[in-house]
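The residues making up each chain are set out below.
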Amino acid sequence: DGSWSWFRGMRGNVYTSAEIAMLLARTEQQTGEESGSAMLEKTMKYLDGEMQRRVEEMKKQGGARNDGFIDDLSLRYLYLYAITQRQPSAASRYLLDRAEQAGAGLSIYGKALLAVVMQRAGHKDKADRLLQSLLEFTVSSPDIGLWFDTRRAGFDLSSQRLLAQTATLEAMSWAGETYSTEM
């Protein structure tokens, strides 16, 4: 069905599937190697279905569309659309509308992903504000360089500091601006 599981024989998991899709998409983007494109396409179809169900549930619950919150899975889904340059799905359009108001409560990693999403969606001002915010969380020293010294670039699975730094560098490169990249 296009989903990925934690282990062989287990049911597919939407979070694991999103992570695998991100790895496949980044590999394709960075190397030009398309050997995983069939797997990525199948996984994206699975994610489209899952995210459409989640969006329908959000709408049923009557949640405010622009309440300034976007969950990690939705953000990863939008990021996948951004870097693969797919035609927007109904779910991705709805979530992008919600994401436009997000940012304040996100982890460093989340802000970096959102900056890429906003840049690719043509919201350069929002992307620039997110990048500026990311840089405000950095400290530097001549011996170590630039790094994040904040709990928002934590050590949990979804917000490891190396991931946050890598995602921030990626966001800077998508923006095409000259930023300090001593990370």
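Treat the numbers as computed from the prediction; the structure is a model and nothing was measured.

Asks: An account of the overall build of the protein chain is needed here, citing residue identities and associated values.
Replies: Within the protein chain, the regular secondary structure consists of seven helices and two strands. Put simply, the protein chain has 183 residues, and 43% of those count as buried. Intrachain contacts of the protein chain at a sequence separation of at least 6 include 60% that bridge at least 24 residues. In the structure as shown, the protein chain presents an accessible area of about 10,100 Å², 50% of it carried by carbon and sulfur atoms.

Asks: Please give an account of the packing of aromatic side chains that cites residues and values.
Replies: Enumeration over the complete set of coordinates arrives at one aromatic pair. With centroids separated by 5.2 Å and ring planes inclined at 65°, the aromatic side chains of Tyr77 and Tyr81 adopt a geometry described as edge-to-face. Pair noted here: Tyr77 and Tyr81 are both in helix 3 (residues 72-84), with a separation of four residues, about one helical turn. Taking the relative accessible area as the measure of exposure, Tyr77 reaches 1% and is therefore buried.

Asks: Quick one: what's the story with the environment of Ala99, residue by residue and with numbers?
Replies: Note that Ala99 resides in helix 4 (residues 90-99). The buried category is assigned to Ala99, whose relative accessible area is 0%. With 18 residues separating them in the primary sequence, Ala99 and Val117 have C-alpha atoms 8.9 Å apart. With residues near it in sequence (within four places) discarded, Ala99 still touches Ile70, Leu78, Leu114, Met118 and Lys126.

Asks: Let's hear about the side chain of Ser74: which residues, and what values?
Replies: As for its placement among the helices and strands, Ser74 is situated in helix 3. Taking relative accessible area as the criterion, Ser74 reaches 1% and is therefore assigned buried. A polar atom in the side chain of Ser74 sits 2.6 Å from the side chain of Asp71. Setting aside its immediate chain neighbours within four residues, Ser74 contacts Met51, Met58 and Leu95.

Asks: Tell me about helix 2 (residues 37-61), and name the residues and values.
Replies: An ideal rise of 1.5 Å per residue puts 36 Å on 25 residues; helix 2 measures up with 35 Å between its terminal C-alpha atoms. Elements that come into contact with the buried residues of helix 2 comprise helix 1 (14-31), helix 3 and helix 4. Looking one or two places after helix 2, you find Gly62, whose phi comes out positive at around 70°.

Asks: An account of the pairing of strand 1 (residues 138-141) is requested, with residue identities and associated values reported.
Replies: Each regular strand displays side chains that alternate between the two surfaces of the sheet. Of the pairings in the sheet, the one linking strand 1 to strand 2 (residues 145-148) comprises four bridges and is antiparallel in character. Residue Ser141 lies in a different strand from strand 2, and its bridge partner there is Gly145.

Asks: Hey, could you go over the pattern of salt bridges for me, with residue numbers and the actual values?
Replies: Inspection of the entire model under this criterion finds five salt bridges. With a closest N to O distance of 2.5 Å, Glu41 and Arg86 form a salt bridge. In this pair, Glu41 sits in helix 2 while Arg86 sits in the loop between helix 3 and helix 4, placing the two residues 45 residues apart along the sequence. Asp128 serves as the salt-bridge partner of Lys124, at 2.9 Å between the closest nitrogen and oxygen. With a gap of four residues between them, Lys124 and Asp128 both fall in helix 6 (residues 124-136), about one helical turn apart. Of the residues examined, Lys124 reaches a relative accessible area of 32% and is grouped as partly exposed.

Asks: Give a description of the nonpolar core that names residues and reports values.
Replies: Proteins that are soluble and globular tend to have nonpolar side chains buried together. The biggest cluster of nonpolar side chains holds 50 residues, and the ones touching the most others in it are Leu47, Leu95, Leu114, Val117 and Met118. Of all elements in the fold, only helix 1, helix 2, helix 3, helix 4, helix 5 (108-120), helix 6 and helix 7 (161-175) reach the threshold of two or more residues within this core. Setting aside residues up to four positions removed in sequence, Val117 forms contacts with Leu75, Leu78, Tyr79, Ala82 and Leu96.

Asks: Would you mind going over the packing of helix 3 against helix 5 in detail, with residue names and values included?
Replies: Their axes nearest at 9 Å, the elements helix 3 and helix 5 cross at an angle of 40°. Comparing their axes, helix 5 and helix 3 come out oblique. Between helix 3 and helix 5 lies a crossing of left-handed hand. Here Leu75, Arg76, Leu78, Tyr79, Ala82 and Ile83 of helix 3 lie close against helix 5, whose contacting residues are Tyr109, Gly110, Leu113, Leu114, Val116, Val117 and Arg120.

Rules behind the numbers
- Residues numbered from 1 in each chain as written.
- Predicted model: local features only at pLDDT ≥ 70, side-chain atom pairs only at ≥ 80, totals over all residues.
- Heavy atoms only, no water.
- Helix = DSSP H or I, 4+ residues; strand = E, 2+ residues; numbered from the N terminus.
- Buried < 20%, exposed > 50% of the residue type's maximum accessible area, 1.4 Å probe, protein only.
- Contact = heavy atoms within 4.5 Å.
- Areas by Shrake-Rupley, 256 points an atom, 1.4 Å probe, with all protein chains shown as cover.
- Phe/Tyr/Trp six-rings, centres within 6.5 Å; stacked < 30°, edge-to-face > 60°.
- Polar contact = N/O pair within 3.5 Å; in protein donor to acceptor, adjacent residues only side chain to side chain.
- Expected span 1.5 Å × (residues − 1).
- Pairing = 2+ DSSP bridges.
- Salt bridge = Lys/Arg side-chain N within 4 Å of Asp/Glu carboxyl O.
- Core = buried A, V, L, I, M, F, W, Y, C linked by side-chain atoms within 4.5 Å.
- Axes fitted to C-alpha atoms, helices over the stretch in contact; angles between N-to-C directions.
- Parallel < 35°, antiparallel > 145°, perpendicular 65-115°, else oblique.
- Left-handed = near helix turned anticlockwise from the far one by under 90°.

Purely geometric stuff here, so don't read any function into it on its own.
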